[in-house]
Amino acid sequence: METLPAEIITQIMEYLPFDDRREVAMVNEAFHYGSYHPMFSRKEVLTYQSLNEKLNSFNEFKNMLKKSKRKLFCLKFDGLNFVDDLTIFTDLGNRIVSLDFYYLQSLDDSFLDAIAQCCINLEKLVFGKLTDLYLSDKDRPPILKLCCIELNYVKITDREFNLILKLAPNLKDLSIIGSNINSSSLVLQRFYPHDTNDNDHLFNKYNSDYVFSHKNIIHHLNNSVRLNSLVLSESHIFFQIQPLQHKFKSLVLSFENKFINQSFNFMHFEVLSQYVSLERLEIHNLPVELLSNVSKLYNLRHLILSYIIVKSNVFNGPELLKSLKSFMLSLKDLKHIKTLSFNRADQNHCIMFPTLALPNCIFNSLTSLDCSLDTDFGALILGKNLTSLRIRNGDILNEDYLKLIFTRLTNLKHLHIDRCYNVNDFILIDLPIYNLKGLITLKIMDSKVSYRCLQSITNSSLKVLMFDNVSFKSIKSQDDLNKFEESILILSANIPTLTHLKVCMSPTCLRLIESLKLLSYFRVDAKMFVNANFKRMKEFKLWDWYL
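What to know about the overall build of the protein
Piece 1. What the protein contains, in helices and strands, is 19 helices and 20 strands.
Piece 2. Scored against the burial criterion, the 547 residues of the protein give a buried share of 51%.
Piece 3. Within the protein, contacts between residues at least 6 apart in sequence are counted, and of these 65% link residues at least 24 apart.
Piece 4. Of the accessible surface of the protein, which amounts to about 26,600 Å², a share of 52% is contributed by carbon and sulfur atoms.

Encoded structure:
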C-alpha cells in the first residue's frame, strides 16, 4: 500500500462513495492527499443551510472552507440571509467551480459583483426560488469558464435575464424552469411595440423591466451557437428556434401546460427529428401520436419519456395503440441506448393499452431501465447488463420471477419495484437479496410486509433500503416495542453501513400506534435507537407525511 503510485490510488478511490473515501483517506499519507484530488471535489457539494439567524454558523462554514485542503469547491447555499458578508466569494473565488443558491434572500449588484469575482474556475451558477432582484445596468467582466446557468422558479425580467447571461459568453448549458415566461401577443405588443425585425441581433432588443418574454429567450437561443444542453418547462419555446444552428447533445422538455390548454400545433413537433445530434432526451407528457418523431433520433444514449393521451383523441384508441406499437418496435434501431425510461403519465385515462414488449435486442446495451414489464419478462431474462432497474407493475411478478431478479441480474446496483402486492414476509425471506453483491438501493413499494422482514435482509453493500405500507400490527403495547428494536439490531448487524432507511407505516397501523399512545416513541426514541446502531445513518423515516 505504501508504494502504490498516485494514479492507482486515485483510480481506486474513484469507485468509492464519499463516506468510504473518507475512511480510506486514513490508510496513509498518500491516500490522504489522494482523497483531495480535484475530480472528487467536482462531484461533492458542500452545503450551507440557514437553520437560524445566527451569523456565527455562516462564519464557521466560511472558515471551514478557508482551512480546507480542497483545491476546488462546489457550494450550495440554502436560505442564505447574511448577504452583507460576501468575502466568502472574494476570498475563495479562484477555488469555486459551482455555486447553487436556493431561497436566496435577494440578488443585488453587490452580490452579483461578488459572484463575478469567481472568474477563474466558476463553471456552474444556479438560482432557485428567487423572487427579489435589484440589478442595475452595470458592466461586469465575463466569466469565461461559466458554461452552465440554471434558473429554477426565478421571478425575473428580460433585462435581468440579459445581465445574468452576459456573465457567460461561452454558455453551453441553460435551464429555465417555472419562471413565468410570458408569451401573450398583447403583452409583447405593449412592451415591445416596435418589434418588427426578428433578425435584429442587438443584445438589448428585448430589455423590459416588466416582463420575461419568450421572444427574449428565443433571441438568446438563436444566438448561442455553443449551446449543447437545454432544459425548458415551456416547451413551445424550443420549437420556435432555428434548428440548423444548434447541435444539441441534451434536451429536456415538458408539455404539461400546453396540452391542458390545447393550444399547441402538433405539426411543430416534427422539427425535433432534425436534432439527430441528441444523445440525451427527456420529455414529459408527450402525446402518444408524436412518438414517431423520437424514433428518428438514432444517436440517443439516454431516453426518458412519459406519454399521455390527449382528451380530444379519446375515440381514437386503435390508432393510438398502433402509434405506440410502432414506437416500441423502432427502439431496436437505437443502437447506442444505455438508459431507457418509458411510462404512461395519465394512468387514470379511460383508454387502456396493454403493456407492450421491448425489443429483445436493446437489452444488449441497456444499463438502466424504468418501465412496466410485459408478460414475456424479457428484462429479467436478457438484461444481464442492467445496473439500475425500476419495475412499475410489480403485481405481475410471482415468487419465481422475483427470485429470477436476484439470481440473474447480478450487476444490479439499484432496484425499485412498485405495486408489489404479492410480496409478504414469507416471500421476502426466501428472496436471495444477498446474491446482488453490488446492490446499493433497494425499494419495495406497496407490499404486504411487516417491520419484522428487516431481520431477513442481508446484503453488505446496501446503502438505501425502503418499504412503504409496512405493518406494525404486532406491536400492541409498550412491552412489544422491544420487537421493533430487535429487528433494528439484526438489520444493523447485517447491513452496518446503511445510510437511508425508510420503513413507512401503513395508515391503519399509524392510527393504531397513535391510539396506543406509542407515537411519541417512534417520533423520538426509535430514531435515537436507529442512529445509535447505524453509525452512518443520514435519514430514517417511519411515515411519508408530516406529523
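Having seen the structure, we can now continue with the description.
Regarding the packing of aromatic side chains
Piece 1. On inspection of all chains with the given rule, the structure shows 30 aromatic pairs.
Piece 2. Taken together, a centroid distance of 5.4 Å and an interplanar angle of 80 degrees make the contact between tyrosine 48 and phenylalanine 58 edge-to-face. In this pair, tyrosine 48 sits in strand S1 (residues 45-49) while phenylalanine 58 sits in helix H5 (residues 55-67), placing the two residues ten residues apart along the sequence.
Piece 3. Taken together, the aromatic side chains of Tyr48, Phe58, Phe61, Phe77, Phe89, Phe101, Phe111 and Phe127 make up a single cluster linked through ring pairs.
Piece 4. One cation-aromatic arrangement involves lysine 76 over tyrosine 102; the distance from NZ or CZ to the ring centre is 5.8 Å.

Quick look at the nonpolar core
Proteins that are soluble and globular tend to have nonpolar side chains buried together.
Piece 1. Core analysis: the biggest nonpolar cluster contains 158 residues, and Phe472 and Phe522 have the highest contact counts within it.
Piece 2. A per-element tally of this core places helix H19 (residues 519-533) first, with six residues.
Piece 3. Setting aside residues no more than four positions away along its own chain, phenylalanine 522 makes contact with Phe472, Ile475, Leu481, Phe484, Met505, Ile513, Lys527, Leu542 and Trp543.

Concerning the confidence of the model for the protein
Piece 1. This prediction gives the protein a mean pLDDT of 86; 84% of its residues lie at or above 70.
Piece 2. Within the protein, no element has a lower average pLDDT than helix H11 (residues 256-261), which sits at 53, and none a higher one than strand S16 (residues 414-417), at 98.
Piece 3. For the stretch residues 199-203, pLDDT sits under 50, and the model shows nine contacts to residues farther than four places along the chain or on other chains.

Notes on the packing of helix H17 (residues 481-494) against H19
Piece 1. Remark: H17 packs on H19, axes separated minimally by 10 Å, with the N-to-C direction vectors making an angle of 25 degrees. The angle between the axes of H17 and H19 places the two elements in the roughly parallel class. Both H17 and H19 take part in a crossing whose hand is right-handed. Contact residues: Leu481, Phe484, Glu485, Ile488, Leu489 and Ser492 in H17; Tyr521, Phe522, Ala526, Phe529, Val530 and Asn533 in H19.
Piece 2. Classifying every residue of the contact of H17 with H19 by side-chain character gives nine nonpolar, two polar and one charged.

As for H19
Piece 1. Taking 1.5 Å of rise per residue, the 15 residues of H19 would be expected to cover 21 Å, and the 21 Å separating its terminal C-alpha atoms lies within 8% of that figure.
Piece 2. The largest bend in H19 comes to about 35 degrees, at aspartate 525.
Piece 3. Along H19, the residues classified as buried are Leu519, Tyr521, Phe522, Ala526, Phe529 and Val530.
Piece 4. Each element contacted by the buried residues of H19 is listed here: H17, strand S19 (500-505), helix H18 (507-515) and strand S20 (539-541).

Digging into the environment of threonine 87
Piece 1. Of note, threonine 87 is situated in helix H6 (residues 87-92).
Piece 2. Separated by 25 residues in sequence, threonine 87 and lysine 62 place their C-alpha atoms 8.8 Å apart.
Piece 3. Polar side-chain contacts of threonine 87 include one of 3.3 Å to the side chain of lysine 62.

Focus: H17
Piece 1. For H17, which comprises 14 residues, the first-to-last C-alpha distance of 20 Å matches the rise-based estimate of 20 Å (1.5 Å per residue) to within 8%.
Piece 2. When we look at burial in H17, the residues that qualify are Leu481, Phe484, Ser487, Ile488, Leu491 and Ser492. Viewed end-on, H17 has its buried residues packed into an arc of 135 degrees, placing them on one side of the element.
Piece 3. The secondary structure elements touched by the buried residues of H17 are strand S18 (464-470), S19, H19 and S20.

Considerations on the pairing of strand S3 (residues 96-102)
Two faces make up the sheet, and in a regular strand the side chains alternate between them.
Piece 1. With five of seven residues buried, S3 lies mostly within the body of the structure.
Piece 2. By the bridge criterion, six bridges tie strand S2 (residues 73-78) to S3 in an arrangement that is parallel. By the bridge assignment, lysine 76 is partnered in S3 with aspartate 100.
Piece 3. Across five bridges, S3 lies against strand S5 (residues 124-130) in parallel orientation. Each residue of the ladder has a partner; that of phenylalanine 101, found in S5, is phenylalanine 127.

Conventions and cut-offs
Residues numbered from 1 in each chain as written. Predicted model: local features only at pLDDT ≥ 70, side-chain atom pairs only at ≥ 80, totals over all residues. Heavy atoms only, no water. Helix = DSSP H or I, 4+ residues; strand = E, 2+ residues; numbered from the N terminus. Buried < 20%, exposed > 50% of the residue type's maximum accessible area, 1.4 Å probe, protein only. Contact = heavy atoms within 4.5 Å. Areas by Shrake-Rupley, 256 points an atom, 1.4 Å probe, with all protein chains shown as cover. Phe/Tyr/Trp six-rings, centres within 6.5 Å; stacked < 30°, edge-to-face > 60°. Lys NZ or Arg CZ within 6 Å of the ring centre and 35° of its normal. Core = buried A, V, L, I, M, F, W, Y, C linked by side-chain atoms within 4.5 Å. pLDDT = per-residue confidence, 0-100. Axes fitted to C-alpha atoms, helices over the stretch in contact; angles between N-to-C directions. Parallel < 35°, antiparallel > 145°, perpendicular 65-115°, else oblique. Left-handed = near helix turned anticlockwise from the far one by under 90°. Nonpolar A, V, L, I, M, F, W, Y, C, P; charged D, E, K, R; others polar. Expected span 1.5 Å × (residues − 1). Bend = angle between axes of the 7 residues up to and from the residue. Polar contact = N/O pair within 3.5 Å; in protein donor to acceptor, adjacent residues only side chain to side chain. Arc of directions from axis to C-beta. Pairing = 2+ DSSP bridges.

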